[in-house]
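Secondary and tertiary structure notes
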Amino acid sequence: MPKIVWLDQNKVMEVPIPQRGFMSLGRGKDNDIALSDPQVNRRHARLVCGPHGCLLKDLKSGKNLLVNGDSVNSRFLQNGDIIRIGNHVLEYLAENGPHAITGAGGVNFRLGREHLKKQTEVPETSDERAFLRYMSGPAQGHIQTIDRPLLPIGDPDGYYAAVSRRTNGYYLLNLGKGMHVRLNGEPVSGAGIGLESGDVITLGNERIEIRIFEQATH
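The structure reproduced in this document is the subject of the present report.

Examining the overall build of the protein chain
Helix and strand counts for the protein chain come out as zero helices and 22 strands. Taking as baseline every contact in the protein chain between residues at least 6 positions apart, the subset at least 24 positions apart corresponds to 45%.

This is how it looks when you write it as structure tokens:
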């Protein structure tokens, strides 16, 4: 099932997305996705899902709603799209790739809290382990475990990215504007690019190597 994944107070949260219906996003606790942030409006955006996919709409918030770094009023979401609302970064994951939510019949409905799984931390499911080794910059020599589905790296006010851990591997996402995030010297767009062990990520003056290992089984 498609879902939205995001960070909330250092915890990774996820909410499943209905094939038909709509979900609200905002600061109010009665939203389907509640984001605790003064920069987020009480009713900030709406996700409308139907046979042609999921449409993200700005509810005239007066503040930027960003998808892959672009300010939008509305946009159909693709697998791996990065949404920024206030200080929150969310990722849209479609189970079967772009436009995974397709014509599966059924009655239209308003998705209420009683129909929605509680927002929960994402369990560890990967058969691989991965680490980031900081080769240059302020954190030079530091080793960081990729221990969550969405791991932000870099400075949110400068060069900002995230490593996304999915069932089919690891991906680098550019969360900022412009082409300042590079992988092996090549610029990375917001939609994400697959990572392999030994790849080098460049964020400003930081160079970070990713190492991926299969976990031993007994």
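Description of the state of the cysteines
What the rule picks out here adds up to one disulfide. In this model, cysteine 49 is linked to cysteine 54 through a disulfide, with the two sulfur atoms separated by 2.2 Å. Here cysteine 49 and cysteine 54 share a disulfide; its torsion about the S-S bond, 105°, makes the bridge right-handed. A relative accessible area of 6% places cysteine 49 in the buried class.

Some points on the side chain of serine 136
Summarising the element assignment, serine 136 is placed in strand β13 (residues 128-136). With relative accessibility at 18%, the residue serine 136 sits in the buried group. Only 3.2 Å separates the side chain of serine 136 from the backbone oxygen of asparagine 205, close enough to count as a polar contact. Here the side chain of serine 136 touches arginine 207 through a polar contact of 3.1 Å, landing on its backbone nitrogen. Discounting chain neighbours no more than four positions away, the residues touching serine 136 are Asn205, Glu206 and Arg207.

A look at the pattern of salt bridges
Under the defined criterion, the tally for this structure stands at seven salt bridges. One salt bridge in this structure joins arginine 42 and aspartate 30, with 3.0 Å as the shortest N-O distance. Taken together, the residues arginine 42 in the loop between β4 (33-34) and β5 (45-50) and aspartate 30 in the loop between β3 (21-26) and β4 connect sequence positions twelve residues apart. Its relative accessible area of 45% is what places arginine 42 among the partly exposed residues. Here aspartate 30 falls in the partly exposed class, since its relative accessible area comes to 37%. As a salt-bridge pair, arginine 166 and glutamate 91 come within 2.7 Å of each other at their nearest N and O atoms. Taken together, the residues arginine 166 in strand β16 (residues 160-166) and glutamate 91 in strand β11 (residues 88-93) connect sequence positions 75 residues apart.

A word on the environment of proline 2
Note on placement: proline 2 falls in the segment before β1 (3-8). Spatially, the C-alpha atom of proline 2 lies 8.8 Å from that of valine 15, the residues being 13 residues apart in sequence.

Side note on unusual backbone geometry
Note: most residues except glycine have negative phi, and most peptide bonds are trans. For asparagine 184, which is not glycine, the phi dihedral falls at a positive 50°. By the secondary structure assignment, asparagine 184 is in the loop between β18 (181-183) and β19 (186-187). Asparagine 184 sits in the partly exposed class, given a relative accessible area of 47%.

Quick notes on the side chain of glutamine 144
Among the secondary structure elements, glutamine 144 is positioned in strand β14 (residues 143-145). Polar side-chain contacts of glutamine 144 include one of 2.8 Å to the side chain of tyrosine 134. Ignoring anything within four residues of it in the chain, the contact list for glutamine 144 reads Ala130, Phe131, Leu132, Tyr134, Leu151 and Ile153.

Quick look at the sheet that holds β16
In spatial order, the strands read β15-β16-β17-β20; together these four strands make up an open sheet with antiparallel pairing. Bordering the open sheet on either side are β15 (150-154) and β20 (193-194), each of which pairs with just one other strand. Relative to strand β17 (residues 169-174), β16 runs antiparallel, the two being bridged by six bridges. Within β17, the residue paired with arginine 166 across the bridge is glycine 169.

Structural notes on the packing of aromatic side chains
In this structure the tally under the stated criterion is one aromatic pair. Above the plane of the ring of tyrosine 171 lies arginine 166, whose end atom (NZ or CZ) is 4.2 Å from the centre.

Calculation rules
Residues numbered from 1 in each chain as written. Predicted model: local features only at pLDDT ≥ 70, side-chain atom pairs only at ≥ 80, totals over all residues. Heavy atoms only, no water. Helix = DSSP H or I, 4+ residues; strand = E, 2+ residues; numbered from the N terminus. Contact = heavy atoms within 4.5 Å. Disulfide = S-S within 2.5 Å. Buried < 20%, exposed > 50% of the residue type's maximum accessible area, 1.4 Å probe, protein only. Polar contact = N/O pair within 3.5 Å; in protein donor to acceptor, adjacent residues only side chain to side chain. Salt bridge = Lys/Arg side-chain N within 4 Å of Asp/Glu carboxyl O. Pairing = 2+ DSSP bridges. Phe/Tyr/Trp six-rings, centres within 6.5 Å; stacked < 30°, edge-to-face > 60°. Lys NZ or Arg CZ within 6 Å of the ring centre and 35° of its normal.

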